[in-house]
Amino acid sequence: MSIEILQTHKLLDTCEKALAERFTVHKLHEAADKAELIARVAPAVRAIAGGAVDDALMAKLPKLEIIANFGVGYDSIDTNAARARNIRVTNTPNVLNDAMAEITIGLMIALARRLPQTDQFVRQGKWLKGNFPLLSELNGKTVGILGLGRIGKEVAARAQAMKMRVVYHGRKRQPDEPHIYYDNLVDMARDADWLVLIAPGGKATEKIVNREVLTALGPQGFLVNVGRGTLVDEPVLVEMLQSGGIAGAALDVFEKEPQVPEALFALDNVVLSPHQGSATHQTRNKMGALVVANLDAHFAGEPLLSAVV
Ligand code: NAP
Ligand code: 8YV
């Protein structure tokens, strides 16, 4: 008999195909009556593919053994509840590091040189009436990275290639890293020209970038958030972008996606991206393959490839 699994949101076609070849897949996101679907399949469901899993959902699935998240960030899964219920959790680390580092540097250049705005300037015929204002460069500047992890290190390497000085903040110093460590985020923001956020979301980091941090970054400072929207106090960020409290922001993630504060749409010192960090064919295919490989390993009784619980 085929193993039954629950899929919580749309996944890549190749991933869905691979899952369908192995399992009986119940698609929660497609169900008109989600409660009815859960009640009907609950006695048989042994795995979840996807995120957005809270304790209440786990409680309804007595046979649940594993949650295979599509993404490295697993803040949408209650890992404490999973641990307490002896449910394994996997994520998709490393396969997206290069895509993430590329979009981070891309967003930095796009913001420094206002690439979306210059494109509009040409298309709207404004160049015929005069030149676009002068801007700034990345080289020679200091970038402070919040979260020098797997992705943060790839961002650091590329920032150095851009002739930037790299410093970082996290909960602990990493002795093998050559970059200067700040144990205080406010101090790092004060010394940095660019603040790049690539730390996990969740309670521990909620609004870690608050008014004090943004004030320290200051009117010449740029913020790039490719980590999670919850890292930033979003209303304060909007206010400081409007008032010139910071110079600009490039944002791939937001507090309540896909909702984006409308006030940002009117600002020229902002570059917006719809959570596209890992959104390339090659990376998403690798992420999907890792979701499937973790489920395969689990049901074959083999060690998981990338377990977080
Ligand atoms: P990682 O290797 O675990 O790195 C996370 C880093 O954050 C570590 O350096 C860690 O350093 C730091 N950190 C963790 N908790 C912290 C805290 N409370 N305060 C300060 N620093 C903290 O993770 P990764 O693979 O690089 O991924 C990082 C995050 O990027 C993911 O969790 C996800 O939210 C986000 N992401 C976004 C996209 C996108 O599409 N935009 C795609 C992929 C990932 P310490 O342990 O020293 O604190
Ligand atoms: C998303 C991400 O998972 O890996 C992460 O943590 O934020 C992204 O890769 C991806 O957009 C799928 O939802």
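The structure under discussion appears in the preceding block.
Calculation criteria
Residues numbered from 1 in each chain as written. Chains lettered and ligands numbered in written order. Predicted model: local features only at pLDDT ≥ 70, side-chain atom pairs only at ≥ 80, totals over all residues. Heavy atoms only, no water. Helix = DSSP H or I, 4+ residues; strand = E, 2+ residues; numbered from the N terminus. Rg over C-alpha atoms; globule rule 2.2 N^0.38 Å. Buried < 20%, exposed > 50% of the residue type's maximum accessible area, 1.4 Å probe, protein only. Contact = heavy atoms within 4.5 Å. Areas by Shrake-Rupley, 256 points an atom, 1.4 Å probe, with all protein chains shown as cover. Lys, Arg positive; Asp, Glu negative; His and termini not counted. Charge placed at Lys NZ, Arg CZ, Asp CG, Glu CD. 1 Å grid on protein atoms, 1.4 Å probe; cavity = no way out; pocket = protein on both sides within 12 Å on 5 of 7 lines; lining within 4 Å. Points joined across faces, edges and corners; volume = space filled by probe spheres on them. Nonpolar A, V, L, I, M, F, W, Y, C, P; charged D, E, K, R; others polar. Salt bridge = Lys/Arg side-chain N within 4 Å of Asp/Glu carboxyl O. Near = heavy atom within 4 Å. Polar contact = N/O pair within 3.5 Å; in protein donor to acceptor, adjacent residues only side chain to side chain. Pairing = 2+ DSSP bridges. Axes fitted to C-alpha atoms, helices over the stretch in contact; angles between N-to-C directions. Core = buried A, V, L, I, M, F, W, Y, C linked by side-chain atoms within 4.5 Å. Domains from an automatic or database assignment.

## Some thoughts on the overall build of the protein chain
A tally of regular secondary structure across the protein chain gives eleven helices and twelve strands. Relative to the compact-globule value of 19 Å for 309 residues, the protein chain shows a C-alpha radius of gyration of 21 Å, a close match. The principal-axis extents of the C-alpha atoms in the protein chain amount to approximately 70 × 50 × 30 Å. Expressed as a percentage of its 309 residues, the buried residues of the protein chain come to 49%. Long-range pairs, those at least 24 residues apart, make up 58% of the contacts in the protein chain with a sequence separation of at least 6. A total accessible area of about 15300 Å² is found for the protein chain, and carbon and sulfur atoms account for 52% of it. Treating the 34 positive side-chain charges of the protein chain as one cloud and the 35 negative ones as another, the clouds have centres 2 Å apart.

## A few points about the layout of surface pockets
Quantified by volume, the second largest pocket comes out at close to 360 Å³. Residue lining of the second largest pocket: 17 residues in total, with P116, Q117, Q120, L267 and D268 positioned closest to the centre. Only α6 (115–123) and β12 (270–272) provide two or more residues apiece to the lining of the second largest pocket. If you tally residues by element for the lining of the second largest pocket, the top one is α6, at four residues. In terms of residue class, the lining of the second largest pocket is built from eleven nonpolar, three polar and three charged.

## Here we look at the pattern of salt bridges
Using the criterion set out here, one finds 16 salt bridges in the structure. Between R228 and D75 there is a salt bridge, and its shortest N-O distance comes to 3.0 Å. Taken together, the residues R228 in the loop between β10 (222–225) and α10 (234–243) and D75 in the loop between β4 (66–68) and α4 (79–84) connect sequence positions 153 residues apart. A salt bridge links R211 to E239; its shortest N-O distance comes to 2.9 Å. Here R211, found in helix α9 (residues 211–217), pairs with E239, found in helix α10; they are 28 residues apart in sequence, far enough to count as distant. Residues joined in a network through salt bridges with shared partners are K10, D13, E16 and K27.

## What to know about the site of ligand 2
Every residue near ligand 2 is listed here: F70, G71, V72, G73, L96, R228, H275, S278, R284 and M287. A distance of 2.8 Å separates an oxygen atom of ligand 2 from a polar atom in the backbone of G73. Contact with the protein chains hides 79% of the accessible area of ligand 2, taken as 330 Å² for the molecule alone.

## Digging into the sheet that holds β10
With parallel pairing, seven strands are arranged side by side in an open sheet as β8-β7-β6-β9-β10-β11-β12. Either end of the sheet is taken by a strand with one partner, and the two such strands are β8 (180–182) and β12. With direction set aside, neighbouring strand axes in the sheet form an average angle of 20°. Pairing geometry for strand β11 (residues 248–251) and β12, over three bridges, is parallel. Across the sheet, the residue bridging to A249 is V270, located in β12. Contacts from helix α7 (residues 150–161) reach β6 (142–146), β7 (165–169) and β9 (194–197) within the one sheet, and its direction differs from that of β6 by about 175°. Contacting β10, β11 and β12, α10 runs over the sheet at an angle of about 135° to β11.

## Structural notes on the environment of E16
Along the chain, the position of E16 falls in helix α1 (residues 13–22). What makes E16 buried here is its relative accessible area of 12%. Along the primary structure E16 and V292 are separated by 276 residues, whereas in three dimensions their C-alpha atoms are 9.2 Å apart. Setting aside its immediate chain neighbours within four residues, E16 contacts Q7, K10, L11 and K27.

## Comments concerning the nonpolar core
The biggest cluster of nonpolar side chains holds 49 residues, and the ones touching the most others in it are L19, M108, V143, I145, W194, V224 and L295. Split by domain, the residues of this core number at least three in each of domain 1 (4–95 + 281–299) and domain 2 (97–272). Counting residues in each nonpolar core, the second largest holds 30 residues, with A199, L237, M240 and I246 among its members.

## Regarding the site of ligand 1
As a matter of local geometry, ligand 1 sits amid 28 residues, with R150, I151, R171, K172 and D252 nearest to it. In this structure, K172 approaches ligand 1 through a side-chain N or O atom, which is 2.9 Å from an oxygen atom. Here H275 contributes a side-chain N or O atom positioned 3.2 Å from an oxygen atom of ligand 1. Notes on ligand 1: free accessible area 920 Å², of which the protein chains cover 89%. Of the residues assigned to the shell around ligand 1, the class counts are 13 nonpolar, ten polar and five charged.

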